[in-house]
Amino acid sequence: MLDVAVLAVLQGVAEFLPISSSGHLVIAQSALGMQGPGLRLNVMLHLGTLVSIFVFYYRSIVQIFAERKFFFMFKLLISSLPAVAVYFLFGDFFDSMFSNVRMTGALMMFTGAVLLGTRFLPKGGRDVSAVNALVMGFAQALALLPGISRSGMTIASARMQRIDTHKCAEFSFLMSAPLIAGGAVLEFIKSVRDVSAVQNEPSWALTAFGAVIAAVVGYFSLKILIKALGGKWFWLFGPYCITVGLLTLLFA
């Protein structure tokens, strides 16, 4: 139960704060000897963070469908295409990177440098255009690498395009929903096809417990991130990532 709770908290915190959940998982596995979540638990933890997005942006999501904002849906669609295409073409390469701890540390430092650079970006007031969405989609594709923060890259790329901070945060997390859902479906299909892969995993009750923790922690992580953007201290996640990455390179 403790392992599930730790992984759920890690998922809920690092999935939304710009510190790379995949990078922290790789580093934690190496440094602490932790076991990564199996297929079933991985699906449930991602569903938990997906729920936190739906709850946090409930009004926006309802408005999108109620007012039939098809252009906004189109922007969400095209923002997902780069990551889907890149993983389809180079999926084996990205999967292999999860065993490279030193590279993960280096990529964490890269994430930190990008976040630190947002301190010097001027405040923008633009809405997200289709071109902006596609650029954010390519930034999201980078996060297929462990150590690259999805939220960090997408929000930083939006800030570079002078997009309003609250709009870029909202779009960043709404655009992640289809990928999180799609990834969970793929993991579920794998678990159904390979029954042996889930034989030694925690029970459904325990994985559901982990999903609830991930959802609750994820919700409050989203609140922290929005406050960080509004308070102009989003860049402070940069020194943290650089420090973690440097320590990983030194002691991996």
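For the structure itself, consult the block above.
Below, the structure is looked at part by part.

Definitions and cut-offs
Residues numbered from 1 in each chain as written. Predicted model: local features only at pLDDT ≥ 70, side-chain atom pairs only at ≥ 80, totals over all residues. Heavy atoms only, no water. Helix = DSSP H or I, 4+ residues; strand = E, 2+ residues; numbered from the N terminus. Rg over C-alpha atoms; globule rule 2.2 N^0.38 Å. Buried < 20%, exposed > 50% of the residue type's maximum accessible area, 1.4 Å probe, protein only. Contact = heavy atoms within 4.5 Å. Areas by Shrake-Rupley, 256 points an atom, 1.4 Å probe, with all protein chains shown as cover. Lys, Arg positive; Asp, Glu negative; His and termini not counted. Charge placed at Lys NZ, Arg CZ, Asp CG, Glu CD. Polar contact = N/O pair within 3.5 Å; in protein donor to acceptor, adjacent residues only side chain to side chain. Disulfide = S-S within 2.5 Å. Salt bridge = Lys/Arg side-chain N within 4 Å of Asp/Glu carboxyl O. Axes fitted to C-alpha atoms, helices over the stretch in contact; angles between N-to-C directions. Parallel < 35°, antiparallel > 145°, perpendicular 65-115°, else oblique. Left-handed = near helix turned anticlockwise from the far one by under 90°. Nonpolar A, V, L, I, M, F, W, Y, C, P; charged D, E, K, R; others polar.

Broken down by element type, the chain carries 11 helices and 0 strands. Put simply, the chain runs from its N terminus to its C terminus through helices and strands in the order α-α-α-α-α-α-α-α-α-α-α. The C-alpha radius of gyration of the chain comes to 17 Å, within 12% of the 18 Å expected for a compact globule of 252 residues. If you line up the chain on its principal axes, its C-alpha atoms span 50 × 45 × 35 Å. Across the 252 residues of the chain, 50% fall into the buried class. Partitioning the contacts of the chain with sequence separation of at least 6, the portion at a separation of at least 24 is 84%. In the form shown here, the chain has an accessible surface area of approximately 12500 Å², with 69% of it arising from carbon and sulfur atoms. On the chain, the mean spot of the 18 positive side-chain charges and the mean spot of the 11 negative ones are 13 Å from each other.

Here we take up the side chain of Ser-20. Assignment of secondary structure puts Ser-20 in the loop between α1 (2-14) and α2 (21-32). A polar side-chain atom of Ser-20 sits 3.1 Å from the main-chain amide nitrogen of Gly-147. Residues within four places of Ser-20 in sequence aside, it is in contact with Ala-14, Met-108, Pro-146, Gly-147, Ile-148 and Ser-149.

Summed over the entire model, instances satisfying the criterion amount to 0 disulfides. For Cys-168, which is in no disulfide, the shortest distance to another cysteine sulfur is to Cys-241 and amounts to 17 Å. According to the relative accessible area criterion, Cys-168 is buried, its value standing at 0%.

Locating Asn-132 in the fold gives a position in helix α7 (residues 130-142). With sequence-adjacent residues up to four places away left out, Asn-132 is seen in contact with Asp-127, Gln-161 and Ile-163. Within polar-contact distance, the side chain of Asn-132 engages the side chain of Ser-129 at 2.9 Å.

Applying the stated rule across the entire model yields 1 salt bridge. Salt-bridge contacts for Glu-67 lead to Lys-69; the nearest nitrogen and oxygen are separated by 3.8 Å.

What follows deals with the environment of Arg-159. In this structure, Arg-159 sits in helix α8 (residues 150-160). Spatially, the C-alpha atom of Arg-159 lies 17 Å from that of Ser-176, the residues being 17 residues apart in sequence. Discounting chain neighbours no more than four positions away, the residues touching Arg-159 are Thr-118, Leu-121, Pro-122, Thr-165 and Cys-168.

Contact geometry for helix α5 (residues 70-96) and α7: axes closest at 8 Å, N-to-C directions at 30°. Taken together, the axes of α5 and α7 are roughly parallel relative to one another. In this structure, α5 meets α7 at a crossing whose hand is right-handed. Along its contact with α5, which presents Phe-71, Phe-74, Lys-75, Ile-78, Ser-79, Ser-80, Pro-82, Ala-83 and Val-86, the element α7 presents Ala-130, Ala-133, Leu-134, Gly-137, Phe-138, Gln-140 and Ala-141. Broken down by class, the residue content of the contact of α5 with α7 amounts to 11 nonpolar, 4 polar and 1 charged.

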